[in-house]
Amino acid sequence: MAAFKRKRGAHATAEKTAKKVKFVVDDGNTEQDAVHEIVVPAPVSMGKWTNKERVLIFSSRGINFRTRHLMQDLRTMMPHSKADTKMDRKDKLFVVNEVCEIKNCNKCIFFEAKKKQDLYMWISNCPHGPSAKFLVQNIHTLAELKMTGNCLKGSRPLLSFDPTFDKEPHYALLKELFIQTFSTPRYHPKSQPFVDHVFTFTIADNRIWFRNYQIIEEDASLVEIGPRFVLNLIKIFQGSFGGPTLYENPGFQSPNLHRRQLRLAAAAKVREKQTLKEMQKEKRTAAKEDLEKDVTADVFLTPAEEKPALIQTEPPEPQAGKKHKFKPSKRQRQQMARR
Amino acid sequence: MVIALKTMESAEEESLLGLESEEEDSELSDGELQEAFTKGLLKPGMNVLVEKTKKLVNNVEGLKQCLADFRRDLSWVERLDLTCLPAKDALSQVEGKVPTETNGGPDAEDDFQREMFFYRQAQATVLEALPLMKMHDINTRRPDDYFAEMAKSDQHMQKIRQKLTTKQMILEKSEKAKKLREQRKFGKKVQIEVIQKRQKEKKAMMTAVKKYQKGMSDKLDFLEGDQKKGKDSSGGPSKALNKKGPSAKRKYKDQKFGFGGKKSGKKWNTKESYNDVSGFKARVAHAKGGKKGKKGKQNKRPGKSVRKKMKGRS
């Protein structure tokens, strides 16, 4: 299926049914094998896997290394995820729904990078359900050396939410979306039966902070595994990747606007300085007012008395030379003192 | 832009004006203003241009409806989700810090507080979830012989471990260096004191020796002082020669010509060399004992002042 380059939006139904058939056959085969041969173990699920939740994680073109690593980390953390190739930006967003259908996924996490700077994340319930768009910031991946924890690959996570999620309707919707997307289904074939890490979603400063901790001991000592990121909600839509807007975040400022504001502030500063300089220049070169001459100012002026001019006719007397001054030596001085 | 009036406006007028102003980007021209005035929209008083507040969508009903449709009522075991407040922080209580948690969430600017908030939230969740998980037979600890692929490779964990150990080492080294520096300062003080003490002793010794030579004092106490110490250390009477070993001349010759090895770097201002007053000979220094000392040289060269006098006379 992945070998040939398929056109997006085509061959949807045929493959879907084919896959289902395959699955049933496999199940039957393995069960029979289990009866006759002890070597091949039965699948983990044994028919218990009922929560068929699959998440498609992929991105658009133009993402940088950090985003790519984040995507890979999410795929590692979620065994119920599937990967797909990068989507061309020329395609409209609703094409993502078709991609999800092809891959038989009912949830989708789509990363979109704009200007090679800003990263947007869409989380959506694919056929009809709600979707949300976030701006992602402060990304730290699994590979960072400060994240010292480790967990089983495919172990089920414990999800922890802030009580603030229950207070607002839009947060409640997001909570449900997160629960359905991030929790690994029980008895998923790729999952491990242990619960050894916990995802926390907290609301602070109008943003959603995501952390992942490893549970070391039963007394709840934790170490961070990573990844970690911050989600800034932009909009919630009723449909998947479209549809009427249900909620808009009033506190959201587009990164472009933010950058623009910074630039304007800097420009304003410079302009202020320039105007100050110009003003000073003008002051200096401006025509200065001549003060009016006060006639009464000369009233109290009294001219000084005239002194007779001294003319020297004779040269001055020579001063006593200081160079060859006779200074007696110490001994002589002592002798003189004695006398 | 909307022309806001000092008096109250009805919503209709506002929307109308809004529509009008949205049509052009610049301020309303005179013609339009006149029209608005005739219509009665503009009233006397100051008319100020005000930014139209953007209406943000918050469709609460829609959200609730959507949630109701979207919700899947799975058992807790499938979801494993919990909502709880962070655990009580004993340390902050002790210190008496007022938590900003009452505002709804931690202060996002204070990094440490924020991270501690998240950590405590996770802790509270784990503590709450453990009994629930036990009920459903889910383990958090895997058995020791259970080897499975981990999210981070072993190589990566090795790197992390190495980094931690290097950090630790650097810290220890810096601690050691600080201690050494402190010690050295202290040691320097002690050294200075000791040197001063020694200088005092030497001075006292020299004055005592001079006094004895000049005949001002008959006592040989200064010698005894050393001898007493020497006696105590050696214990028992021994020949003077033996005590000193080979003579000074012999020693000097040995040092200079014999035994090979490094000759340079032998003269150092060490404790021993400084304290060593053996090289001092009073007779040589003060030019005393001519006949006994030097029988060979009969014609002893007179000193400078004598020579000068002789020169002056002749």
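Residues numbered from 1 in each chain as written. Chains lettered and ligands numbered in written order. Predicted model: local features only at pLDDT ≥ 70, side-chain atom pairs only at ≥ 80, totals over all residues. Heavy atoms only, no water.

Visitor: Please explain the side chain of Ser240 of chain A as it appears in this structure.
Guide: Residue and element names in this part refer to chain A. With respect to the helices and strands, the residue Ser240 is situated in the loop between strand E10 (228-239) and strand E11 (242-248). The exposure class assigned to Ser240 is buried, which follows from its relative accessible area of 9%. There is a polar contact of 2.9 Å between the side chain of Ser240 and the side chain of Ser124. (Helix = DSSP H or I, 4+ residues; strand = E, 2+ residues; numbered from the N terminus. Buried < 20%, exposed > 50% of the residue type's maximum accessible area, 1.4 Å probe, protein only. Polar contact = N/O pair within 3.5 Å; in protein donor to acceptor, adjacent residues only side chain to side chain.)

Visitor: Help me out: how do you make sense of the pairing of strand E1 (residues 55-59) of chain A in this one?
Guide: All names here are of chain A. Across the 5 residues that make up E1, a large majority, 5, are buried. Side chains of E1 alternate between two faces, with Val55, Ile57 and Ser59 and Leu56 and Phe58 buried alike. Pairing of E1 with strand E2 (residues 81-83), which is carried by 3 bridges, proceeds in the parallel orientation. Across the sheet, residue Leu56 finds its bridge partner in E2, namely Lys82. With helix H2 (residues 65-77) bridging E1 and the parallel E2, this β-α-β connection has right-handed handedness. Where E1 and strand E3 (residues 107-114) come together, 5 bridges link them in parallel fashion. (Pairing = 2+ DSSP bridges. Right-handed = clockwise from strand over helix to strand, strands pointing away.)

Visitor: So what exactly am I meant to see when it comes to the pattern of salt bridges here?
Guide: Two side chains of opposite charge can pair, provided their charged atoms sit close to one another. Under the defined criterion, the tally for this structure stands at 16 salt bridges over all chains. Residue Glu53 of chain A is joined to Lys107 of chain A by a salt bridge in which the shortest nitrogen-to-oxygen separation is 2.9 Å. Taken together, the positions of Glu53 of chain A in the loop between helix H1 (12-36) and E1 and Lys107 of chain A in strand E3 put the pair 54 residues apart, joining distant regions of the chain. Exposure remark for Lys107 of chain A: the relative accessible area of 2% places this residue in the buried category. The partner of Lys114 of chain A in a salt bridge is Glu112 of chain A, and the shortest N-O contact between them spans 3.8 Å. Judged by relative accessible area, which is 31%, Lys114 of chain A ranks as partly exposed. With relative accessibility at 10%, the residue Glu112 of chain A sits in the buried group. Within this structure, Arg211, Glu224 and Arg228 of chain A together with Asp111, Arg114 and Glu115 of chain B form a network of salt bridges that share partners. (Salt bridge = Lys/Arg side-chain N within 4 Å of Asp/Glu carboxyl O.)

Visitor: Looking at this structure, how should I read the packing of aromatic side chains?
Guide: Each aromatic ring pair is summarised here by two numbers: the centre-to-centre distance and the angle between the ring planes. All names here are of chain A. With the rule as written, the count across this model stands at 20 aromatic pairs over all chains. Judged by centre distance (6.1 Å) and plane angle (25 degrees), the rings of Phe134 and Phe178 are stacked. Of this pair, Phe134 sits in strand E5 (residues 131-140) while Phe178 sits in helix H4 (residues 169-182), placing them 44 residues apart in sequence. Comparing Phe134 with Phe178 shows no difference in burial state: the two are buried. Directly above the ring of Tyr120 sits Lys133, whose terminal nitrogen or CZ lies 4.6 Å from the centroid. (Phe/Tyr/Trp six-rings, centres within 6.5 Å; stacked < 30°, edge-to-face > 60°. Lys NZ or Arg CZ within 6 Å of the ring centre and 35° of its normal.)

Visitor: What is the right way to look at the interface of chain B and chain A in this model?
Guide: Where the parts come together, the accessible area they lose is often given as the size of the interface. With 63 residues of chain B at the contact, the number on the chain A side is 75 residues. Summing both partners gives a buried area of about 5900 Å² for chain B against chain A, and 62% of it is carried by carbon and sulfur. Together, Leu63, Phe70 and Glu78 of chain B form the three largest contributors to the area buried by chain B at its contact with chain A, with a combined 12%. Between the two partners, chain B and chain A, sit 4 salt bridges. With a shortest N-O distance of 3.4 Å, Glu115 of chain B and Arg228 of chain A are connected by a salt bridge. On the surface where chain B and chain A come into contact, there are 33 residue pairs in polar contact (both at pLDDT 80 or more). Counting only elements with at least two residues in the side of chain B that touches chain A, the list comes to helix H3 (60-70), helix H4 (76-79), strand E3 (81-83), helix H6 (111-135) and helix H7 (154-214) of chain B. When residues in the side of chain B that touches chain A are grouped by element, the largest group, 15 residues, is from H6 of chain B. Taken together, the residues that form the side of chain B that touches chain A break down as 33 nonpolar, 13 polar and 17 charged. Here 3 bridges tie strand E6 (residues 155-161) of chain A to E3 of chain B, and the two strands are oriented parallel to one another. Its bridge partner being in E3 of chain B, Leu159 of chain A is matched across the sheet by Asp81 of chain B. (Contact = heavy atoms within 4.5 Å. Buried area = accessible area lost by both parts, 1.4 Å probe. Nonpolar A, V, L, I, M, F, W, Y, C, P; charged D, E, K, R; others polar.)

Visitor: Looking at this model, I keep getting lost on a positive patch on the surface. Mind explaining?
Guide: Residue and element names in this part refer to chain A. Positive charge collects at one region of the surface, where Lys322, Lys325, Lys327, Lys330 and Arg333 lie side by side. Considering the arrangement of structural elements, one finds Lys322 in the loop between helix H5 (255-285) and helix H6 (330-338). According to the relative accessible area criterion, Lys322 is exposed, its value standing at 74%. (Patch = residues over 30% accessible without salt bridge, like charges linked within 9 Å, V, L, I, M, F, W, Y side chains within 5 Å. Areas by Shrake-Rupley, 256 points an atom, 1.4 Å probe, with all protein chains shown as cover. Lys, Arg positive; Asp, Glu negative; His and termini not counted. Charge placed at Lys NZ, Arg CZ, Asp CG, Glu CD.)

Visitor: Help me understand the UniProt feature "coiled-coil region" (unreviewed entry) in chain A, please; the structure alone is not making it clear to me.
Guide: Residues annotated in UniProt with the feature "coiled-coil region" (unreviewed entry) correspond here to residues 262-289 of chain A. Secondary structure content for residues 262-289 of chain A is 86% helix and 0% strand, and the end C-alpha separation is 43 Å. (UniProt positions renumbered as here; feature names shortened; annotations may be inferred.)

Visitor: Can you help me understand the state of the cysteines in this one?
Guide: Note on terminology: a disulfide is the covalent bond linking the sulfur atoms of two cysteines. Residues and elements named next belong to chain A. Tallied over the full model, the rule gives 0 disulfides over all chains. Left unpaired, Cys105 is separated from the closest cysteine sulfur, that of Cys100, by 6.1 Å. For Cys105, a relative accessible area of 7% translates into the label buried. (Disulfide = S-S within 2.5 Å.)

Visitor: Would you mind showing me how to read the nonpolar core here?
Guide: In a soluble, globular protein the nonpolar side chains are often hidden away together inside. Among the nonpolar cores identified, the biggest contains 47 residues, and Phe178, Phe182 and Phe201 of chain A are the most heavily contacted of them. Setting aside chain neighbours within four positions, we find Phe201 of chain A in contact with Leu159, Ser160, Phe161, Asp162, Phe165, Phe178, Phe182, Ile208, Trp209 and Phe210 of chain A together with Gln121 of chain B. Counting residues in hydrophobic clusters, the runner-up holds 23 residues, among them Ile215 and Val230 of chain A together with Ala122 and Ile138 of chain B. (Core = buried A, V, L, I, M, F, W, Y, C linked by side-chain atoms within 4.5 Å.)

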